[in-house]
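Chain residues, written in single-letter form:
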Amino acid sequence: MTHPAIHPPAHVSRATTEPTEHPRSERGSFRRSISPSSLFCLSLVFSAGFGLLSPPPVQAKETAPAKELPELVGRLSENRYLTPSGQLLTPAGRQVDLPGMRPQALALSPDGKILVATGKTAELAVIDPSSGALLQKVPLPRPAVPASDSALPSPGTASTQLGKEPPGQVSFTGLVFSPDGNRLFLSNVAGSVCVFAVHANHPLKAIANWPMPKAAKRKADLPTGLAVSSDGKRLYVAGNLENKLYELDASSGGILRSWNTGSAPFAVVLAADKAYVSNQGGRLPSPNDPSAPSGKGTPVRVDPVRHIASEGSVTVIDLKAGAVKCEISVELHASAMVLSPNGKHLVVANTGSDTLSVIDTQSERVVEKIFTRQSPADLFGAQPNALVFEPNGKRLWAANGTQNAVAAIDFDPADQESKLVGLLPSGWFPGALAFDAKRKALYVANIKGNGAFKTLKPGETPKFGTKDFYGTLCLIPLPSKEELSVMTRMALVNLRYPMLAESRLPARRDQPARPLPERVGEPSVFKHVLYVIKENRTYDQVLGDIPSGNGDPALCIFGERVTPNQHKIAREFVLLDNTYCAGVQSADGHQWTDSAIANSYMERQVTAGFPRSYPGGKSEEGVDALAWASSGFLWDHAIAHGKTFRNYGEWMISEAGWKDGEKKEKPRWIDYWSQFQTGSGPLKLRSRPGIESLRKHSKLDTVGWDLNVPDVMRAQAFIRELHDFESRGDLPHLMLLFLPNDHTGGTRGKHPAPASQVADNDLAFGQVVEAISKSRFWADTCIFAIEDDPQAGWDHVSGYRTTCYVVSAYTPRRKVIHTHYNQTSIVRSIELILGLPPMNQIDATATPMRDCFVPTPDFTPYNATPNTTPLDQLNPEPRTIGDRQLRADAMVSARLPLDEPDRCPENTLNQILWRAMKGPKTAYPRWAVHAEDDKD
């Protein structure tokens, strides 16, 4: 992590082209951050009935379309950013950049002199809260040997030996000072509690690494929430995989006692002689309860229809009696907790319900529910995931992750009149809070910061990948009532709240059928949608060679020679050169493509290196009911509204193999290819659902992720069933088709060359488009296609930018579209076509893809272009390769776990692909190299 950049106080105005410059102050005044012109402009914006927290008035008459946002993702001006998901960021207060870190744990020392943040990098960042200056970077201690699972260690027997292996990732959550401020404890997802000494002048030093007990599916349990007893003698640690609360000797790390909790314990709070533990998955399921896997942890309770995690809970442990007292049911994804200053109430953040549960600590009952979204009637999409009280207990702050804002709540549980009174704009996905009573300031850790958008020098070209993490801290002096009102309005503009109200407008009578209706429930010319999801390419990598688009041909490796159909489709229909993925890898990418949102559990898993699961839906480990957003998947939504649905490979686990069950060796790519060539053979295509709700809606005799199966075989299975639908005269309203082979398998021997796999993917897509365009359903079917994520690839505009295709008889011909769209735009467009209301706040506020349609159809069918790159060109064996670098790449490819879903280091694979296509003498773009080589 490099030295954090300190920015002056935030500018509020969106109404002016250039921000007003304000002098930099020692602390950064909130009042200085709001210019008079900003106040005036914002008052005009909201004067027509736009109340503090009320939605704008909804009229029955047609409203004017919302003003289009600036087009290019990234930094727009001083302290103003556009995210790939379409939201604006104008974070309040003084900004502190934390390069490489996605901070999701934050702690202020008891004397208020240092602020410590941690996240993705294997170190702590120690910040001066007065100035925002970086005081120290503290490496984690080396891992210790995990504790034995045969018995709990006695007090004082836990190892403090600092091992020789490199440290793991940092924290899922869990960072706390001892009451005297002399120690700092950190939950390390590698399976230990790291201990740091805090010296008199506040430098930190790692002094111990206490291993967690062994877990059933890991070397050690996953520590999450931490709490220290008031006398500093006991440390309480939530064991997230084993569903335990551990009591440790705070001086030695020895485990004294442990108790069972609910599923996936997250936070720990101590009150008097009790410990409260929030359980993200709720109560442990009984044998008769509907349940589903949750990664490496135990199963969790799910609803019986969508099979998504269905409850949260709080376990109460009587520490004097040494026994579990009770378990309190709360709402979905119980996560952060905070005790009121008087100790009478415990507040629990129900991240999956946008609510807070207030528990009376005497009766152990929930006495109040507080919504952190603007109205209980609003759709899901606030995701409160961090909490902090002001010392007087009258004001509670909640980090609304998805809204990129911190909610101010007047706390009054006695009269059950607690209420949301305002919002402070933050960075992207705030995930940790600290309150500084001495300075009267709120500190906010933004997990995604400003995205991969660091502060640029004048004239510097923004060339960043999705893994150039730039987490941030906001150091915000407490606002006055007037300032809070202004910042609330800004936060609502940033999250596109006016469009949320527009999404609720009722359908009008006697509206003509349009390709993309203006309101939900109005007629569309389309009755069917095919949604094609591909794997891991940026725009420049594929379409950068098209002169009419905003591409860089020097960065194009899979150009028209390799992808003639994608080029032809982009030319004959629409070329979209400003469309983005909202996620960074398959685990969150498929959440965005299918749910238009990623939940807080997912965002924290990305930071922590997926300690519980890698929720990609392509293997057993990818099945994690806690990772699915509580608003559900697009198919859940369609089915609930009476639409028919058919799935071809999405979230399906491959069972493809030999028909002869006695054959043990795994089939090779050439075996599947030979069978495709002959039309029959000894192999079978078979898959099963990773999510149970897909079972009766999926074609089981095809596959999803399996790079040994050519995409043309997937296309063939789809087209055969399309012909069956033609013969019956029906077709599902919604269809999902997964075509993953543009991911490629590198240059390992006996496998297709990268160009061949991308060409296979291209031909399969072209064949599907041709089949639909020549079917009886062409007039009323629309095809959308996009990548699930950009695989941390290179692109001269943004690492999030990707290829996207819209094909229908009502799509304009030979048009270039520069409008900013993203995966949520596709979901929103599909919903409007099928008459589905939005699922959550993100798809409700997404920009529908109206530029991609015209009122007059052109029924000319599409003719697929034959591949010009051989599909069966295999990589040579390493020993036959003359070039030293290419031979090394082939040897590395042979060792990469390319058969396993998303286990291959992206940066390594990207450089292999570059040299395979460009040759070893063409230099790889150095700005595309990531400091950390994540798995995709």
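Residues numbered from 1 in each chain as written. Predicted model: local features only at pLDDT ≥ 70, side-chain atom pairs only at ≥ 80, totals over all residues. Heavy atoms only, no water.

## A closer look at the overall build of the protein chain
This is how the line gets drawn: In this text, helices come from DSSP runs of H or I with a minimum length of four residues, and strands from runs of E with a minimum of two, each type numbered from the N-terminal end. Three labels apply to residues, based on accessible area from a 1.4 Å probe with only protein chains included: buried if under 20% of the type maximum, exposed if over 50%, partly exposed otherwise in between. The contact rule is simple, with two residues in contact once any of their heavy atoms fall within 4.5 Å. The method behind every accessible area is Shrake-Rupley, applied with a 1.4 Å probe, and residues are considered shielded solely by the protein chains displayed.
Looking only at helices and strands, one finds 15 helices and 46 strands in the protein chain. Expressed as a percentage of the 936 residues in the protein chain, the buried residues total 65%. Within the protein chain, contacts between residues at least 6 apart in sequence are counted, and of these 66% link residues at least 24 apart. Per element, the accessible surface of the protein chain, about 32,000 Å² overall, is 51% carbon and sulfur.

## What about the packing of aromatic side chains?
Put simply, the rule reads: Any pair of Phe, Tyr and Trp rings, taking the six-membered ring for Trp, is counted once the centres come within 6.5 Å. Such a pair is stacked with planes under 30 degrees apart, edge-to-face with planes over 60 apart, and tilted for the rest.
On inspection of all chains with the given rule, the structure shows 21 aromatic pairs. Measuring from centroid to centroid gives 5.7 Å for phenylalanine 526 and tyrosine 810, while their planes differ by 90 degrees, and the two rings are edge-to-face. Of this pair, phenylalanine 526 sits in the loop between α3 (497-502) and β34 (528-534) while tyrosine 810 sits in the loop between β44 (804-807) and β45 (815-817), placing them 284 residues apart in sequence. Like tyrosine 810, phenylalanine 526 is buried. Aromatic pair tryptophan 794 and tryptophan 914: ring centres 5.2 Å apart, planes at 85 degrees, arrangement edge-to-face. Note that tryptophan 794 is positioned in the loop between β43 (781-787) and β44 and tryptophan 914 in helix α15 (residues 906-918), a separation of 120 residues in sequence.

## Remarks on the nonpolar core
Here is the rule we go by: Among buried residues, those of type Ala, Val, Leu, Ile, Met, Phe, Trp, Tyr and Cys that are joined through side-chain atoms within 4.5 Å constitute a nonpolar core.
By size, the foremost hydrophobic cluster in this structure holds 161 residues, and its most contacted members are Tyr531, Phe718 and Phe784. Sort the elements by how many residues they give to this core and helix α11 (residues 754-773) lands first, with 10 residues. Beyond its immediate sequence surroundings of up to four residues, phenylalanine 718 is in contact with Leu530, Tyr648, Met735, Leu737, Val768 and Ile772. In this structure, Val347, Ala349, Leu387 and Ala407 belong to the second largest nonpolar core, which totals 24 residues.

## A closer look at helix α5 (residues 564-572)
Of all the positions in α5, only Pro564, Asn565, Gln566, His567, Ile569 and Ala570 are classed as buried. The inward-facing, buried residues of α5 contact β34, α4 (539-543), β35 (574-576), α11 and β44.

## Section: the sheet that holds strand β33 (residues 470-477)
Defined as follows: Note on pairing: DSSP must find at least two bridges between two strands before they are called paired. Lines fitted to C-alpha atoms define the axes, with helix axes restricted to the stretch in contact, and inter-axis angles between N-to-C directions lie between 0 and 180 degrees.
Spatially, the four strands line up as an open sheet ordered β4-β33-β32-β31, and their pairing is antiparallel. Strands with a single pairing partner mark the edges of an open sheet, and in this sheet they are β4 (94-99) and β31 (428-436). Shown here is a sheet whose adjacent strand axes are inclined to one another by a mean of 20 degrees, direction ignored. Here β4 runs beside β33; their pairing, made up of six bridges, is antiparallel. When the sheet's bridge partners are listed, arginine 94 is paired in β33 with leucine 475.

## Quick notes on the side chain of serine 294
Heads up, the condition is: For this analysis, a polar contact is any N or O atom pair within 3.5 Å, provided that within protein one partner can donate a hydrogen and the other can accept it, and provided that sequence-adjacent residues contribute only side-chain to side-chain pairs.
The residue serine 294 is located in strand β19 (residues 291-294) in this model. Relative accessible area serves as the criterion here: at 0%, serine 294 is assigned to the buried category. A polar side-chain atom of serine 294 sits 3.0 Å from a polar atom in the side chain of arginine 612. Beyond its immediate sequence surroundings of up to four residues, serine 294 is in contact with Pro299, Val300, Arg612, Val623, Asp624, Ala625 and Leu626.

## Side note on the environment of arginine 887
With respect to the helices and strands, the residue arginine 887 is situated in helix α14 (residues 884-895). Sequence spacing of arginine 887 and proline 876 is 11 residues, and the spatial spacing of their C-alpha atoms is 9.3 Å. When near neighbours in sequence (up to four residues on either side) are disregarded, arginine 887 contacts Pro878, Ile881 and Gly882. One polar contact links the side chain of arginine 887 to the main-chain carbonyl oxygen of isoleucine 881, over a distance of 2.8 Å.

## Here we look at the environment of asparagine 260
With respect to the helices and strands, asparagine 260 occurs in strand β16 (residues 255-260). By relative accessible area, which is 48% here, asparagine 260 ends up partly exposed. On a C-alpha basis, the gap between asparagine 260 and glycine 239 in space is 9.4 Å, while along the polypeptide they are 21 residues apart. Contact partners of asparagine 260, with chain neighbours within four places excluded, come to Asn243, Lys244, Thr315 and Val324.

## Observations concerning the packing of α14 against α15
Threshold: Any angle from 65 to 115 degrees is called roughly perpendicular, while one under 35 is roughly parallel, one over 145 is roughly antiparallel, and all others are oblique. Put simply, a crossing is left-handed when the front helix is turned counterclockwise from the back one by less than a right angle, and right-handed when it is turned clockwise.
Here α14 crosses α15 at 140 degrees, and the two axes come no closer than 10 Å. What the angle tells us is that α14 and α15 run oblique. Pair α14 / α15 crosses with left-handed handedness. Of the residues in α15, those in contact with Gln885, Leu886, Asp889, Val892 and Ser893 of α14 are Thr908, Ile912 and Arg915.

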